[in-house]
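Spelled out, the chains give:
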Amino acid sequence: MPPSQDATHFNASTAKQSSWTLHDTQWTLSLFGTAVGAGILFLPINIGIGGFWPLIIMACLAFPMTFLAHRGLARFVLSSKNKDADFTDVVEEHFGVTAGRLISLLYFLSIFPILLIYGVGLTNTVDSFMVNQLGMESPSRVLLSGVLVAGMIGLMMGGEKLMLRAFAILVYPLVGILFFLSLYLIPSWQMPNMALPEVGSFGKTLWLSIPIIVFSFSHAAAISSFVNVQRGHYGNKAVAKSEAILKRTSLLLITFVLLFVFSCVLSLTGEQMAAAKAANVSVLSYLANITDNSFIATLGPLVAFIAIMSSFLGHFLGARESFTGLVTKQSNISAKVADKVGAVLMFFAIWFCAVKNPSILDMMDQLSGPIIAMILFIMPMIAVYKVPALHKHRNRLSTLFILAVGSMAVMALLYSMLK
């Protein structure tokens, strides 16, 4: 007896929900591209200065920190009764209007400084390449940064399909070149200092490294948009599908990024790391400048450019969504108008910051990392105890671990500000 149309539809729907599809791969790449940006490229510098053993410890903690935190944020957004709710809608639903808007503002402030960082990082990367590799004179920083920022924002205004296509174009070569460069640097590896540090200084170094680790692997800016797409695409299976995609994204990040970080740290001395930090350039740009190797000189800045650009796209997506949500809830301005106003305001702010050229690592340590920790680590775990739909996740080891990590990151911010 042939199957009915309903049965055929059900089987097709089930297959769509359970099998891995091109849609899932595209979003894995998009989330990977969002995370691999300035944080990854500056991570070897920050960790390298602290020594070899903090890197070992953080390498062990990187996967649970990354996957469990982003899974918690995804569960939080998907816990809304409103199937079309974005992050700002969910926090108002669960925490009330006043607290919800405050958290939404904090969410925007956790993303927006990253766009400022990428404006600075991209301008410095292109300027360094033009001066050191092409032998040109340094161009006008005002003009160079304006063109670069305008180009990236223009690409984002083209819509979701154009964005996903851009990620596919950018991330495949990024993964390949990162992996190849990591292997290429192996002959340059030096034996690290294996002496065990003092317990006090080691603990302090490890503690103060948490904010930049949180920042470096974060793709929180894209989570709200990501899970909403999965909810529309997979319906009731959105939670399971979102978690599967997040797990693969985290594994991809840990595999390629930690190999790259270890390779860079083992190829440079502590003094060279300090010099790279003082120059305010990524580790790849620094490697390109100190070696006579034309291969690294060409690929280093190229990877930095692609990584920063792909991550800018993902974070701009989150900044647009949160800015539009905040403005439309506080005024009678339509979402379409708020979106355009936000794009213009963010362009001028990013452009201004790129011209001023503040320290990238200081911005990561003292602002972006801890604020992201509050949104990504602490707030969803508080919601686990407050929101009935999330109560089943209470008192689990993963919940307590993420809450502890987020708290340490925020305390590291307070320490950095008061010391």
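As annotated in an unreviewed UniProt entry, the protein chain carries the name Serine transport protein (HAAAP family) and is attributed to Pseudoalteromonas translucida. UniProt, in its Subcellular location (unreviewed entry) section for the protein chain, records the words "Cell inner membrane".

Which parts of the structure should I look at to understand the overall build of the protein chain?
Helix and strand counts for the protein chain stand at 17 helices and 0 strands. Within the protein chain, buried positions represent 55% of all 419 residues. Long-range pairs, those at least 24 residues apart, make up 82% of the contacts in the protein chain between residues at least 6 apart in sequence. Taken as a whole, the protein chain presents about 17,800 Å² of accessible surface, with 66% of it coming from carbon and sulfur.

Just to check I follow, could you spell out the nonpolar core for this structure?
In a soluble, globular protein the nonpolar side chains are often hidden away together inside. Ranked by internal contacts, the top residues of the largest apolar core, which has 128 residues, are Val36, Phe76, Phe87, Phe217, Phe260 and Phe312. Among residues more than four places away in sequence, those in contact with Val36 are Leu174, Leu178, Leu253, Val257, Ala307, Ile308, Ser310 and Ser311.

Hey, could you run me through the pattern of salt bridges in this one?
Opposite charge on two side chains makes pairing possible when the charged atoms of those side chains draw close. Evaluation of the coordinates by the stated rule reveals 5 salt bridges. As a salt-bridge pair, Lys329 and Asp89 come within 2.6 Å of each other at their nearest N and O atoms. Of the two residues, Lys329 sits in helix 14 (residues 294–330) while Asp89 sits in helix 5 (residues 87–95), which places them 240 residues apart along the sequence. With relative accessibility at 24%, the residue Asp89 sits in the partly exposed group.

What exactly am I supposed to notice about helix 10 (residues 223–234) here?
For the α-helix, the turn length of 3.6 residues means that residues three or four positions removed from each other point alike. Spanning 12 residues, helix 10 covers 16 Å between terminal C-alpha atoms, matching the ideal 16 Å at 1.5 Å per step. Most of helix 10 sits inside the fold, with 9 of its 12 residues counted as buried. For helix 10, every residue scored as buried is listed here: Ile223, Ser224, Ser225, Phe226, Val227, Asn228, Gln230, Arg231 and Tyr234. Backbone geometry just after helix 10 places Gly235 at a positive phi near 65°.

Explain the environment of Val227 here, please?
Locating Val227 in the fold gives a position in helix 10. Between the C-alpha atoms of Val227 and Lys241, which are 14 residues apart in sequence, the distance is 9.2 Å. Discounting residues that sit within four places of it in the chain, Val227 has contacts with Ala74, Val77, Leu78 and Ser242.

Help me out: how do you make sense of the side chain of Gln230 in this one?
Position of Gln230 relative to the elements: it lies in helix 10. Those residues within four positions of Gln230 in sequence are excluded, and the remaining contacts are His23, Trp27, Gly235, Ala238, Ser242 and Ile245.

Honestly, the packing of aromatic side chains in this entry has me stumped. Any pointers?
Aromatic rings in a pair are described by how distant their centres are and how their planes are angled relative to each other. Under the defined criterion, the tally for this structure stands at 13 aromatic pairs. Between the aromatic rings of Phe108 and Phe323, the centroid separation amounts to 5.9 Å while the plane-to-plane angle is 50°, which identifies the pairing as tilted. Of the two residues, Phe108 is situated in helix 6 (residues 97–133) and Phe323 in helix 14; the sequence distance between them amounts to 215 residues. Each of the two residues, Phe108 as well as Phe323, counts as buried. Measuring from ring centre to ring centre gives 5.1 Å for Phe347 and Phe348, while their planes differ by 70°; the resulting arrangement is edge-to-face. Residue classification places Phe348 among the partly exposed residues on the basis of a relative accessible area of 48%. Members of the aromatic cluster, connected to one another through ring pairs, are Phe76, Phe87, Phe95 and Tyr107. The ring of Trp20 carries Arg248 above its face, with NZ or CZ at 3.9 Å from the centroid.

In this structure, what is going on with the packing of helix 6 against helix 13 (residues 283–290)? I would like to understand it.
A pair of packed helices can be characterised by two numbers: the angle between their axes and the separation between those axes. As a packed pair, helix 6 and helix 13 sit with axes 11 Å apart at the nearest point and diverge in direction by 5°. By the angle between their directions, the pair helix 6 and helix 13 is classed as roughly parallel. Listed contacts from helix 13 to Thr125, Ser128, Asn132 and Gln133 of helix 6 are Ser285, Ala288 and Asn289. Partitioning the contact of helix 6 with helix 13 into residue classes produces 1 nonpolar, 6 polar and no charged.

Honestly, a nonpolar patch on the surface in this entry has me stumped. Any pointers?
A grouping of Phe179, Leu183, Ile186 and Trp189 is seen on the molecular surface, where their side chains present a nonpolar patch of about 330 Å² in accessible area. As for its placement among the helices and strands, Leu183 is situated in helix 8 (residues 160–184). The class for Leu183 is partly exposed, based on a relative accessible area of 37%.

Please explain unusual backbone geometry as it appears in this structure.
What you tend to see is this: most non-glycine residues have negative phi, and most peptide bonds are trans. The phi angle at Asn395 is positive, at roughly 60°, despite the residue not being glycine. Checked against the element boundaries, Asn395 lands in the loop between helix 16 (360–386) and helix 17 (397–418). Using a relative accessible area of 60% as the deciding quantity, one classes Asn395 as exposed.

Explain the environment of Phe63 here, please?
Note on placement: Phe63 falls in helix 4 (residues 52–78). For Phe63, a relative accessible area of 26% puts it in the partly exposed group. Phe63 sits 190 residues away from Leu253 along the chain, and the two C-alpha atoms are 8.5 Å apart. Beyond its immediate stretch of four places on either side in the chain, Phe63 contacts Leu68, Lys247, Ser250, Leu251 and Ile254.

Just to check I follow, could you spell out the side chain of Ser218 for this structure?
Residue position: Ser218 is located in the loop between helix 9 (199–216) and helix 10. Relative accessible area serves as the criterion here: at 3%, Ser218 is assigned to the buried category. Non-local contacts of Ser218, meaning those with residues more than four positions away in its chain, are made with Thr34, Ala35, His70, His315, Ile372 and Leu376.

Thresholds applied
- Every chain is numbered on its own, with residues counted from 1 as its sequence reads.
- It should be noted that, the model being predicted, local features are given only for residues of pLDDT at least 70 and side-chain atom pairs only at 80 or more, the latter also being counted only at that level, while totals for whole chains, interfaces and linings use all residues.
- Where side-chain values are given, they derive from all heavy atoms of the structure, hydrogens and water being excluded.
- UniProt positions are given in the numbering used here, feature names are shortened, and annotations may be inferred rather than shown by experiment.
- A run of H or I in DSSP counts as a helix once it spans at least four residues, and a run of E counts as a strand once it spans at least two, with each numbered from the N terminus.
- Per-residue accessibility, obtained with a 1.4 Å probe over protein chains only, is compared with the maximum for each type, and a residue is labelled buried under 20%, exposed over 50%, and partly exposed between these values.
- Note on contacts: a residue pair is in contact if any heavy atoms of the two residues lie within 4.5 Å.
- Exposure was quantified through the Shrake-Rupley algorithm and a 1.4 Å probe, taking into account, for residues, occlusion by the shown protein chains and nothing else.
- Each nonpolar core is a collection of buried residues, namely Ala, Val, Leu, Ile, Met, Phe, Trp, Tyr and Cys, held together in the definition by side-chain atoms within 4.5 Å.
- Note on definitions: salt bridges are taken to be side-chain nitrogens of Lys or Arg within 4 Å of carboxyl oxygens of Asp or Glu.
- Multiplying 1.5 Å by the helix residue count minus one yields the expected span of that helix.
- We call Phe, Tyr and Trp rings a pair once their centres come within 6.5 Å, taking the six-membered ring for Trp, and we label the pair stacked below 30 degrees between planes, edge-to-face above 60, and tilted otherwise.
- Our definition puts a charge over a ring when NZ of Lys or CZ of Arg is within 6 Å of the ring centre and also within 35 degrees of the ring normal.
- The convention used is that axes are lines fitted to C-alpha atoms, helices contributing only their stretch in contact, and that angles between N-to-C directions extend from 0 to 180 degrees.
- Should an angle fall under 35 degrees it is taken as roughly parallel, and over 145 as roughly antiparallel, whereas 65 to 115 is taken as roughly perpendicular and any remaining angle as oblique.
- Any residue that is not Ala, Val, Leu, Ile, Met, Phe, Trp, Tyr, Cys, Pro, Asp, Glu, Lys or Arg is counted as polar, Gly included; the first ten are nonpolar and the last four charged.
- Here, patches come from residues exposed beyond 30% relative accessible area and free of salt bridges, joined within 9 Å for like charges and within 5 Å for nonpolar side chains (Val, Leu, Ile, Met, Phe, Trp, Tyr).

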